[in-house]
Each structure stands twice: as structure tokens, then as C-alpha cells.
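# Notes for the structure review
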Amino acid sequence: MNRYLYNTRSEQVESEDLILFINTCLTCTRQTEFYENQFNQELSVNFVHEYILANYRSLYALTLASGINDFNKALIVQNLLSAGSPDCSKEKEEEALLINKALSSLPVNRVFKLFKQLQKHRINNRRTRAIIKNYISARENHAFDAIKYKSKLQDISRHAHIDWQTEVGHFLFNKKYKQYQNHLFKTYMEAHYSHQAVYRLPYSIAEGFAKKHGIKKSTFLKKIEPNLTKKERLRIQNSVEKEKLTISLDFSKVNYTPLMIYWLSLDKKQRSVVKNKFLLSLDYHANLFKERLRLQNTSIALVLDRSYSMSGSSEKKRRPLAIAFGIFHLLKRLAKSCHTFWSTQVTDENYVSAHGQSNIASPLVNALSTGADTIIIVSDGFENDVTGMTAMVYKLWKKHLCKENSQKVLHINPCYNAENFDVKKLSDDITTVGIRNVEDLPTILKYSLFADGSYSQTEFEEYLRKQLYKRK
């Protein structure tokens, strides 16, 4: 690879900074990692954002179109609004489009949290108020938002000078008003006094009333089941099991990465009970990725780290291993062929757990010997059995055995390393990219072509702009 050669030193620095920033935005969420505390993560990611914004504002904004994670999307929007509008009208228009598209792609709770941050930091320029008003007016169910996010919506409305002309205004700011026509507001008011009304509310709102009325958890979960969303069904499975209840959960309806994390949280006996159902759902999920990945003609060898550090932290429990496990099941179903080599031996992959040292070099040797088109390593990058051996193996293979451009080696890392403002590499010569969710894999593989020098920065920017204007 590396067909693209930098014309100037400044061009090289700019590309390297952009790669570092996108890796940060793909991986970091300011949460504790196995080897890093939350303070270091926060300090590191804030510094990277401030540095890129100060030096490459248009690239900073354009990163919103690159498939980065929700946390970093929100932080970029907050920083752009804090910095005021660009002077150039073309940049101003593009930035507004990027911000609006980013907001529409984020979960509403994260957007409201972002708006609260804008209020906290007193960012209240005309553009900020207009963007908040546009977002709120585009929401479909204002009554639901008002009930679920009442205090946030009150603060946001005051901050952006929103003049509600509907019952929402009464609900937010007029405590004396009781004559609601909207059924959700009426049910909400009844739920203060009626147990039956509680079960007509969405789960997230009804939960608070259930505690207020002292309703037994088992009774509440049983009666509220018809109102549960697919995410809520997955999230409360542990509570349901503690209450010795059963709430139906369709594995094909929940998102792929949360499903992997849930599966790894089950013990061996629980996995055995639902194994067939789980494997069938994976076929369904794999079909959803088929068009975006297009790996029917690609042979792949996987090197998967399942060392103890892949168990994650208290905030990212089992997520790193879930990423490796999810990629394994996905590529096994979609690639022309897929050989898998774990850092320590696994009898049945479906019962995998985080255990042992990080031995990446030995499975890498096995993976290289398969002659696969692409070798993908999924690891947090903390190799300790033996430290630095992977870099040595790769260097020797590249020098003596690799036919030119015949095989590609890619390291995918689900953990952010605050110390070097990037994901931790196993070797400086192996292209390393970050990842937060398995669902981002198609984006990650495209981005890796830029990271390994197959595409220039200009080509990458053109690709991002195509993504931006595709569904304008």
C-alpha cells in the first residue's frame, strides 16, 4: 500500500493529525478503560479536540461525516457552536449542514444533554438558538419529550427563548394548569394517584411512578411488559431474572453490539439454553451488513485477543471482548473464508471469556501462514506475552516472506490510550484504527484505507463530503 506520497512536511503532519483525531473519535467516550482512569481519558480527549479545532477547523467539522461515535459527535457540535460561525459563507453553510445532520443522528437524550452543556457554558449566540429551535420543532412527540425530559426541556426552552404555544408550555411552566387534552399529559397527571394509569405510560416514565407508589418490582415488570421497547427488553433482562420472571426478547431485534455484550454476561448454563436462538439471530444480523461490507471475494484470517484486559472496565464491562466476538461472528458469515486464532486457545467460541495473557505474536504467525487476503487483529494493544514480539514478527514477515501488496494486516483496537492521544499500536508498521461498536466496521474498513496511505487526504475529504451530501 502507501501509494500516496506526501508532497510537503506540513501535508504529512496534517494527515497524521487527522488520523489521530479520527481514531480518538471512533474509540474514546471519556469512560474508564482497563488501564486508564476517567480523569486521564477526559483530559486527553479534550486536548485533542481543542488542538484540532484550533488548527484545522473545516476538517474538525467534516469529521462529523466520518461515522465517529455519538460522544465525539456531541462534543464537536458543542465546540463548534462555542467557537461561533466561520467567516467564509461556504464553510458556514457546510458546518450548519454537518451540525444539523449530526444532531438528527444522535439519540435524543444525548442531544438534550448537549443543549444543557450549552446552557451551562452560557453559549447562547444566534446560531446556537436557531439550531436548538430547529431541532426541537422537528421532534415528532413534544408531549413525550416534555414528560420524559421535563427539567432539561424547561432549561433548554429558557436558554433558546422557545415560546411554546401548545399544552407543552403549560406542562413545563404552569403548575396550576390541569385541563389537558393530550392523552399522554392526562395519563401522566392520573398516574400521580392511580396505579392503573402507571401501566399506560412508557416504561421509562412509569418506572418513577412505580417507585413512588411502592409497587412491587415483579408486579410492575409483569404489567408494563407490553410497553417495553426492544432496547428496554434487553436492558432489564437481569432484573427480570432476579424476579424469576420471563420477558420475551427477540435477539434479531436488538442492536448487534449490545447483543454481544449481553451474551458475554451470561454464564455457561444460560448460554446453552438460548444458544440456538442466539446463533439464528446472528445470521439475520449478518445479512444486514452484507451489502455494506462486500467481503464475498475476500479471505480473512482473524487474530483475536481474549486476554484479561479485554474484559474492559466498570463502565465498559466486557465491551472490548464483545467487539472481538462480534467481528468473529460477522466475518465468519460474510467472508469467502475466515480462519480464527485466539490469543489463548478456545474450545467453543460461543463460550469465550476474557482470560490469560496477551499472546498476539503466535496467533499472528498462524494467521499469516493461511495466505488470507486480509489479516485482522482485534486487541487493546497491551501485548505482554512477549512484549513487542508482534512488531518483530510483522517486520520479519514483511522483509522476507510477504509478496508485495499481496496481504494486508490491520489492527482494530476498541480501547483508547490517553497517554499517547490515540489507540495503542502493536507495531508502528501495522495500520491501527479504533472502534466503538461492531456496527461501525464498514466505516472502519473504509477509513483504514486512508490510515494506511492508500488514499490521500484530499480523496478522503471528497469521500466525507459525498457522505454528507448523499442524503441532503
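Below, the structure is looked at part by part. Just so we're clear, the structure is a prediction, and the values are computed from it rather than from any experiment. (Residues numbered from 1 in each chain as written. Predicted model: local features only at pLDDT ≥ 70, side-chain atom pairs only at ≥ 80, totals over all residues. Heavy atoms only, no water.)

## Describing the packing of aromatic side chains
Overall, the coordinates contain 29 aromatic pairs when judged by the stated rule. Seen in terms of ring centroids, Tyr51 and Tyr56 are 6.5 Å apart; in terms of plane orientation they differ by 85°. Their pairing is edge-to-face. Tyr51 gets classed as partly exposed once you look at its relative accessible area, which sits at 33%. Ring geometry for Tyr188 versus Phe209: centroids 5.3 Å apart, planes at 75°, classification edge-to-face. Note that Tyr188 is positioned in helix H11 (residues 183–190) and Phe209 in helix H13 (residues 203–213), a separation of 21 residues in sequence. (Phe/Tyr/Trp six-rings, centres within 6.5 Å; stacked < 30°, edge-to-face > 60°. Buried < 20%, exposed > 50% of the residue type's maximum accessible area, 1.4 Å probe, protein only. Helix = DSSP H or I, 4+ residues; strand = E, 2+ residues; numbered from the N terminus.)

## Digging into the sheet that holds strand E7 (residues 431–434)
Within a sheet, adjacent strands bond to each other through the backbone by hydrogen bonds, running parallel or antiparallel. Spatially, 5 strands are ordered E2-E1-E3-E4-E7 in an open sheet, and the strand pairing comes out parallel. Each edge of the open sheet carries a strand with a single partner, namely strand E2 (337–342) and E7. Strand-to-strand twist of the sheet, defined as the mean angle between neighbouring strand axes without regard to direction, takes the value 20°. When strand E1 (residues 299–304) meets E2, the two strands line up parallel, connected through 6 bridges. Each bridged residue has a counterpart across the sheet, and for Ile300 the counterpart in E2 is Cys338. Across the sheet, helix H22 (residues 441–451) lies against strand E4 (408–413) and E7, angled at about 140° from E7, the strand it touches most. (Pairing = 2+ DSSP bridges. Axes fitted to C-alpha atoms, helices over the stretch in contact; angles between N-to-C directions. Contact = heavy atoms within 4.5 Å.)

## What about the packing of helix H4 (residues 70–82) against helix H5 (residues 89–105)?
It is the contact of H4 with H5, at a shortest axis distance of 10 Å, that shows an interaxial angle of 145°. As H4 runs across H5, the sense of the crossing is left-handed. Of H5, the residues touching H4 (which contributes Lys73, Val77, Leu80 and Leu81) are Glu95, Ile99, Ala102, Leu103 and Ser105. Class assignment for the residues of the contact of H4 with H5 results in 6 nonpolar, 1 polar and 2 charged. (Left-handed = near helix turned anticlockwise from the far one by under 90°. Nonpolar A, V, L, I, M, F, W, Y, C, P; charged D, E, K, R; others polar.)

## Focus on the pairing of E7
Where burial is concerned, the two faces of E7 agree: the one with Thr431 and Val433 and the one with Thr432 and Gly434 are both buried. Where E4 and E7 come together, 4 bridges link them in parallel fashion. Its bridge partner lying in E7, His411 is registered against Thr432.

## A short note on the packing of H13 against helix H14 (residues 217–224)
Helix-helix packing is characterised by the crossing angle of the two axes and by the distance between the axes. Orientation of H13 relative to H14, taken along the N-to-C sense of each, is 155°, at an axis distance of 11 Å. As the angle between them shows, H13 and H14 are arranged roughly antiparallel. Our pair here, H13 against H14, has a crossing hand that is right-handed. Of H14, the residues touching H13 (which contributes Tyr203, Ala206, Glu207 and Ala210) are Phe220, Leu221 and Ile224. The class makeup of the residues in the contact of H13 with H14 is 6 nonpolar, no polar and 1 charged. (Parallel < 35°, antiparallel > 145°, perpendicular 65-115°, else oblique.)

## Some points on the pairing of E1
Among the 6 residues of E1, 6 are classified as buried, and the element is accordingly described as predominantly covered. Because side chains alternate across E1, one face comprises the buried residues Ser299, Ala301 and Val303, and the other comprises Ile300, Leu302 and Leu304, equally buried. Once you follow E1 into helix H19 (residues 319–334) and on to E2, the crossover reads as right-handed. As judged from the 5 bridges shared by E1 and strand E3 (residues 374–378), these two strands associate in the parallel manner. Following the sheet pairing, Leu304 is matched in E3 by Val378. (Right-handed = clockwise from strand over helix to strand, strands pointing away.)

## Regarding the pattern of salt bridges
On inspection of all chains with the given rule, the structure shows 14 salt bridges. Put simply, Lys275 and Asp348 hold a salt bridge, and the shortest N to O gap is 3.3 Å. Here Asp348 lies in the loop between E2 and helix H20 (361–369) and Lys275 lies in helix H18 (residues 268–293), a separation of 73 residues in the sequence. Across the pair Arg465 and Glu461 runs a salt bridge, and its minimum N-O distance is 3.7 Å. (Salt bridge = Lys/Arg side-chain N within 4 Å of Asp/Glu carboxyl O.)

## Description of H11
Every buried residue of H11 is accounted for by Leu184, Phe185, Thr187 and Tyr188. Mapping the buried residues of H11 onto a view down its axis gives an arc of 165°, with all of them on the same face. Where the residues of H11 are buried, they touch helix H8 (142–148), helix H10 (167–173), helix H12 (195–198) and H13. (Arc of directions from axis to C-beta.)

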